[in-house]
Amino acid sequence: MDKFTTLTGIAAPLPLINVDTDMIIPKQFLKTIKREGLGINLFDEMRYDADGNENEDFVLNKPAYREAKILVAGDNFGCGSSREHAPWAIKDFGIRCVIAPSFADIFYNNCFKNGILPIALPQEDVDKLMDDAERGANAIITVDLESQTITGPDGGEISFEIDAFKKHCLLNGLDDIGLTLEKASAIDAFEAQAAQSRPWV
Amino acid sequence: MTAKTLYDKIWDAHLAHEAEDGTCLLYIDRHLVHEVTSPQAFEGLRMAGRKVRAPEKTIAVPDHNVPTTIDRETGITNEESRIQVEALDTNARDFGINYYPVSDIRQGIVHIVGPEQGWTLPGMTVVCGDSHTATHGAFGALAHGIGTSEVEHVLATQTLIQKKSKNMKVEITGKLRPGVTAKDITLAVIGKTGTAGGTGHVIEYCGEAIRALSMEGRMTVCNMAIEGGARAGLIAPDETTFEYVMGRPHAPKGAQWEAALAWWKTLYTDEGAHFDKVVTIKGEDIAPVVTWGTSPEDVLPITGKVPAPEDFTGGKVEAARRSLDYMGLEPGTPLSEIPVDAVFIGSCTNGRIEDLRAAAEILKGRKIAEGVRGMVVPGSGLVRAQAEEEGLAEIFEAAGFEWRLAGCSMCLAMNPDQLAPQERCASTSNRNFEGRQGFKGRTHLMSPAMAAAAAVTGKLTDVRELM
């Protein structure tokens, strides 16, 4: 997995609540058997019209945000399905950090498996960053995972919370499966005991 | 001894390892797999030279992409869909997991097949690369959706890295009124708590109205726990559960049945156990409901009117404006005056036999309104066969519905079953998101009986008027 240490870039504002996974990547793009190449279809139904032309009004189509690395959004971001295609599309577009007041559970977990940092902040902090993001290329934001801080274009700092284990894995780009297999003896022991206590499973 | 919730008990029984920081390895009893979220996971195993740790606990079935027309046996015409289903065929064979191919009568939506075949049992941990895995919570199993990376993790290790969620209780007291069903309960709960109301929690549904539900109804309730933001929904097992499970192909038999039953009977929340959040709704206060917007929390009784953006506060004002624009609705319009173009009966929420019976009950001796397209998609081949045996298929066809083969179908429209732009659908599925049932398609969620009523009148309708 790709490491996440620090990230400096343009933040795109998407001031919508309940951005769902069907919005992030509609189902017709779930037919792939690969993880790559979904960035072009990120937010497909908002980004393109029925003929496949770009909607000028959509934030990621505006010149200032085409190279955005950070997304600032509303409450309950990523609700809906478990499709990991959602973080795959976000990452493939070039976005490595999503900031919102809250996230749906499965989407939040999926981000960490793909080197994307989801940051949940109080509404007032998100509002401040949303204002910064509205300034486009004039508003470069820096996210530092080690120190758990976001630095805005005016130098103001916002700190954020993150689970220590998830932070460790992201900073070091660790593979979950490799880590779990180190505990294989614990799994073996559990399985042996469960075979006695719940043999019908 | 500390009083435990049902969730606490299942969690404790599956804890394989706990690190000092509270990060846990949770052992997984059943891993359900479908074609959309698994190819990359199997590919990951191959690249790392890993095996499936417990193929006997892994069950695969194609459901999202499969066409539901009778000619599907000749093959899937959409090339990408065909490749994805073929990949599952190959992966199931190569890794030696349990498999129900498209040609098997037991094929269907993974969340209907699991319980039907007795793979899902009380007290288990069940995962699947699909958010509606919450369905299996109806058995008192801890069941939730996972992403593809986690699918690979479970395939390789039979565990998941987890932190424990909080406990939330949703109690539905008293009795339901006539015409009110499990779907109305689950939508009413989301209408009250919002789509993020359960975030970070596992919900236990309880109360007299929940106890009175059949297993089919309980699955409908738990299925949409995810729409309320919860990691999982649970209902404590009881005689209704045991009766449903007994005799199923993969349920325990003989002495093992007795041993299992003894443990299952301990699976309830202890008196005085702590819940971090409690929501109580009176059963008699729940009316037949429909959704008006593009979030499952946009729920109102069918007797209500389309709201205005100004009726809300915060981010919901803009969200409601966007929803109304997308849905093509004017504030103040009575919900019962909204015309529909299509009716979809099916999905892992409402594709079981009881759902088809409820819809057929309304459609018996009636016809679908002119200009309305109706589709019934049974949740599995076995549900379809049973519905044919009970004469339900004849009722649907006589009413003018298309009688389809099993699959996810127009719940998410990955196969050819889709709405055209601006087409409006009365749907028994679980999500009314923008584009969910087809590009620019408009979805109103409701119960099977309500969907049948809409088919008859050609507009959203209070089913109680047709009872």
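Residues numbered from 1 in each chain as written. Chains lettered and ligands numbered in written order. Predicted model: local features only at pLDDT ≥ 70, side-chain atom pairs only at ≥ 80, totals over all residues. Heavy atoms only, no water.

Student: Got a minute to help me understand the overall build of chain A in this structure?
Tutor: The number of helices and strands found in chain A is eight helices and seven strands. Taking the principal axes of its C-alpha atoms as reference, chain A extends roughly 60 × 45 × 25 Å. Counting over 201 residues, chain A shows a buried share of 58%. In chain A, once contacts between residues fewer than 6 apart in sequence are set aside, the share between residues at least 24 apart is 65%. As displayed, chain A has an accessible area near 7,900 Å², and 48% of this comes from carbon and sulfur atoms. (Helix = DSSP H or I, 4+ residues; strand = E, 2+ residues; numbered from the N terminus. Buried < 20%, exposed > 50% of the residue type's maximum accessible area, 1.4 Å probe, protein only. Contact = heavy atoms within 4.5 Å. Areas by Shrake-Rupley, 256 points an atom, 1.4 Å probe, with all protein chains shown as cover.)

Student: Which parts of the structure should I look at to understand the interface of chain A and chain B?
Tutor: Interface size is commonly expressed as the accessible surface area that is lost when the partners come together. Listed per partner, the contact involves 50 residues of chain A and 72 residues of chain B. Taking both partners together, chain A and chain B bury about 5,300 Å²; carbon and sulfur atoms supply 58% of that area. Area buried by chain A at its contact with chain B is led by K27(A), K31(A) and W200(A), which between them contribute 16% of it. Where chain A packs against chain B, one counts 29 residue pairs in polar contact (both at pLDDT 80 or more). (Buried area = accessible area lost by both parts, 1.4 Å probe. Polar contact = N/O pair within 3.5 Å; in protein donor to acceptor, adjacent residues only side chain to side chain.)

Student: Which parts of the structure should I look at to understand the side chain of R83(A)?
Tutor: Within the element layout of this structure, R83(A) appears in the loop between strand 2 (70–73) and helix 3 (85–93). Within polar-contact distance, the side chain of R83(A) engages the side chain of S81(A) at 2.7 Å. Setting aside residues no more than four positions away along its own chain, R83(A) makes contact with T21(A), D22(A), I25(A), P26(A), K27(A), L30(A), N110(A) and R436(B).

Student: Any chance you could explain the pattern of salt bridges here in plain terms?
Tutor: Pairing between side chains of opposite charge can happen when the charged atoms of each approach one another. Residue and element names in this part refer to chain B. Within this structure, the stated rule accounts for 37 salt bridges over all chains. One salt bridge connects R211 with D238, and the closest N-O pair in it is separated by 2.5 Å. Here D238 lies in the loop between strand 11 (232–234) and helix 9 (239–245) and R211 lies in helix 7 (residues 208–211), a separation of 27 residues in the sequence. In this structure R211 comes out as partly exposed when scored by relative accessible area, which is 32%. Taking the relative accessible area as the measure of exposure, D238 reaches 16% and is therefore buried. (Salt bridge = Lys/Arg side-chain N within 4 Å of Asp/Glu carboxyl O.)

Distances and angles like these do not, on their own, reveal function.
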